[in-house]
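The residues making up each chain are set out below.
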Amino acid sequence: MFNVQTSYLDDVVDQDSLTKHSYLTYYDGQDLIVAGRLQEGTNSLTITSRVTGTVAGGDFDVETSAPVEQTFDREIENYAERGWKFLTLTNQIEVRNLQTTSPIQDGPDVLELAETFEFVLDESRFPPQVIRGRGDTAAGDPHIVIQDPRSDLRICFDIHGPQGTVVSLVEDPALELAVNGEMVEKGNITNSNRKKPPPTFFGRIGILLGNDWISVSREHVMVNSDLPFNWFRNTVVEVASCKLRIVSIKVIKISCPNGVIMKILRHRVSHGDYDHFDFFLGKGQVFSSSVDGIIGQFQRRQMSLVKSSIRKTRYGKEKGVLLLDEKEIKVTKITRRRIGSCWASYAKMGLPMLERGYEDYILPRLTSKRV
């Protein structure tokens, strides 16, 4: 169930006082609570509500009425107002960027509500250290492109593996975020005597948001293995507070309240090849200091090109030395139509650029986590 909307009829309820009452999210049956105030001076004896939404079989529309209780016999003082304020506080925190270096940046209104009503904020939702990420890509030829917006330095390298190999692209436990890619081999390679591994692409992408998994394949976009979305229908749905958009048959965009933005571009091909996908991270988004994965690690690592090392070979190629966390790596400047120019490492398929051995990033399944 998704796109669940709650509304109140007959002007009995102050609409501006309502807490969250629109749920785009994939909904698995937990309680949905809406709080608010009655219109001042109302004499109505009933409240009429309407709930609409979408399920696998189509749309639903339910209208119910309940009596207005004018008196309350409770031992807790102001329990109704406290409940309303608590939900209001929760809603405000949900739509803010929580990955800040200090809770005070979340705004005085949130802190004032918490202090006035003696609510306890979960400080674990405010990581002690955050990182502004780079805009990076996982695709094909080359697979990985890392862009440093501060210096315009772009590095790139390839990763390969047999058909079905799954690798961790991004994993940030503090954000409850993971992105994995499953490789497929290029289908029209006929030379069986090739010494190099056949070219590979990402044939499926798996994304973990909180407790929800999104699986992206040529057939559909699946949420939690039981809610499929068709590529041929533009869709907006909320998954774990993030908005998932499917646009124009070939683009998926995921944007989260914490500032993380991801995009998946589908390449529709024929002639025996698999459809494959490019994965993009938006620039300037926020990650915790524990972010990892083949792409994720570069969000926190330091890289620079040693200017004095740049030279041209007799064949006109530019070569140099990349300093990656004080590790020196020999690189060559290459140009590709899709990405322009980047500094590539050809030693061992560029694997020296990784923080650990390549095997550490291989996963058993598309829905696996490294940690």
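All values derive from a computational prediction rather than experimental measurement.

Draft legend 1. Quick look at the confidence of the model for the protein chain. Across the protein chain, the average pLDDT comes to 76, with 69% of residues at or above 70. Below pLDDT 50 for its whole length, residues 93-108 participates in 39 contacts with residues either more than four positions away or in separate chains. Low pLDDT (under 50) marks residues 117-132, which in the prediction has 43 contacts with non-local residues, meaning those over four places away or in another chain.

Draft legend 2. Focus on the pattern of salt bridges. This structure, assessed with the given rule, holds nine salt bridges. Of the charged contacts, one joins Arg50 and Asp61 as a salt bridge, the two residues approaching to 2.5 Å between their closest N and O atoms. With a gap of eleven residues between them, Arg50 in strand S3 (residues 46-55) and Asp61 in strand S4 (residues 58-67) connect regions that are remote in the sequence. By relative accessible area, Arg50 is classed as partly exposed at 35%. The closest approach of N and O atoms between Arg301 and Asp325, which form a salt bridge, is 2.9 Å. Residue Arg301 is located in the loop between strand S20 (286-288) and strand S21 (303-312), and its partner Asp325 is located in the loop between strand S22 (318-324) and strand S23 (327-336); the two are separated by 24 residues in the primary sequence. On the basis of relative accessible area, Arg301 is assigned to the buried category, the value being 4%. Taken together, the shared-partner salt bridges connect Asp292, Arg300, Glu355, Arg356 and Asp360 into one network.

Draft legend 3. Just the environment of Val321, in detail. Along the polypeptide, Val321 turns up in strand S22. It is 9.8 Å that separates the C-alpha atoms of Val321 and Arg311, two residues lying ten residues apart in sequence.

Draft legend 4. Here's a closer look at the environment of Pro352. Considering the arrangement of structural elements, one finds Pro352 in the loop between strand S24 (340-344) and strand S25 (362-363). Separated by 28 residues in the primary sequence, Pro352 and Leu324 have C-alpha atoms spaced 9.9 Å apart. Beyond its immediate chain neighbours, meaning those up to four positions away, Pro352 contacts Lys327, Ile329 and Ala347.

Draft legend 5. Structural detail: the nonpolar core. Core analysis: the biggest nonpolar cluster contains 54 residues, and Val170, Leu209, Ile214, Ile254 and Met262 have the highest contact counts within it. Looking at this core, the element that brings in the most residues is strand S11 (residues 200-209), giving four residues. In this view, Ile214 contacts Ile205, Gly206, Ile207, Leu209, Val221, Met222, Val223, Val239, Leu244 and Ile254; residues no more than four positions away in its chain are not counted. The next biggest cluster of nonpolar side chains, apart from the first, holds six residues, and it includes Val145, Cys156, Ile339 and Cys342.

Draft legend 6. Summary view of the state of the cysteines. Applying the stated criterion across every chain, the model contains two disulfides. The disulfide that involves Cys156 links it to Cys342, with 2.0 Å between the sulfurs. Across the S-S bond of Cys156 and Cys342 the torsion is about 75°, and the bridge reads as right-handed. Placement of the pair is Cys156 in strand S8 (residues 153-157) and Cys342 in strand S24, with a sequence separation of 186 residues. Exposure remark for Cys156: the relative accessible area of 0% places this residue in the buried category. Disulfide pairing is shown between Cys242 and Cys256; the S-S distance is 2.1 Å. Taking the sign of the torsion about the S-S bond as the criterion, the disulfide between Cys242 and Cys256, at about 110°, is right-handed. With a gap of 14 residues between them, Cys242 in strand S16 (residues 242-247) and Cys256 in the loop between strand S17 (251-255) and strand S18 (261-267) connect regions that are remote in the sequence.

Here is what the cut-offs are and how they apply
- Residues numbered from 1 in each chain as written.
- Predicted model: local features only at pLDDT ≥ 70, side-chain atom pairs only at ≥ 80, totals over all residues.
- Heavy atoms only, no water.
- pLDDT = per-residue confidence, 0-100.
- Contact = heavy atoms within 4.5 Å.
- Salt bridge = Lys/Arg side-chain N within 4 Å of Asp/Glu carboxyl O.
- Helix = DSSP H or I, 4+ residues; strand = E, 2+ residues; numbered from the N terminus.
- Buried < 20%, exposed > 50% of the residue type's maximum accessible area, 1.4 Å probe, protein only.
- Core = buried A, V, L, I, M, F, W, Y, C linked by side-chain atoms within 4.5 Å.
- Disulfide = S-S within 2.5 Å.

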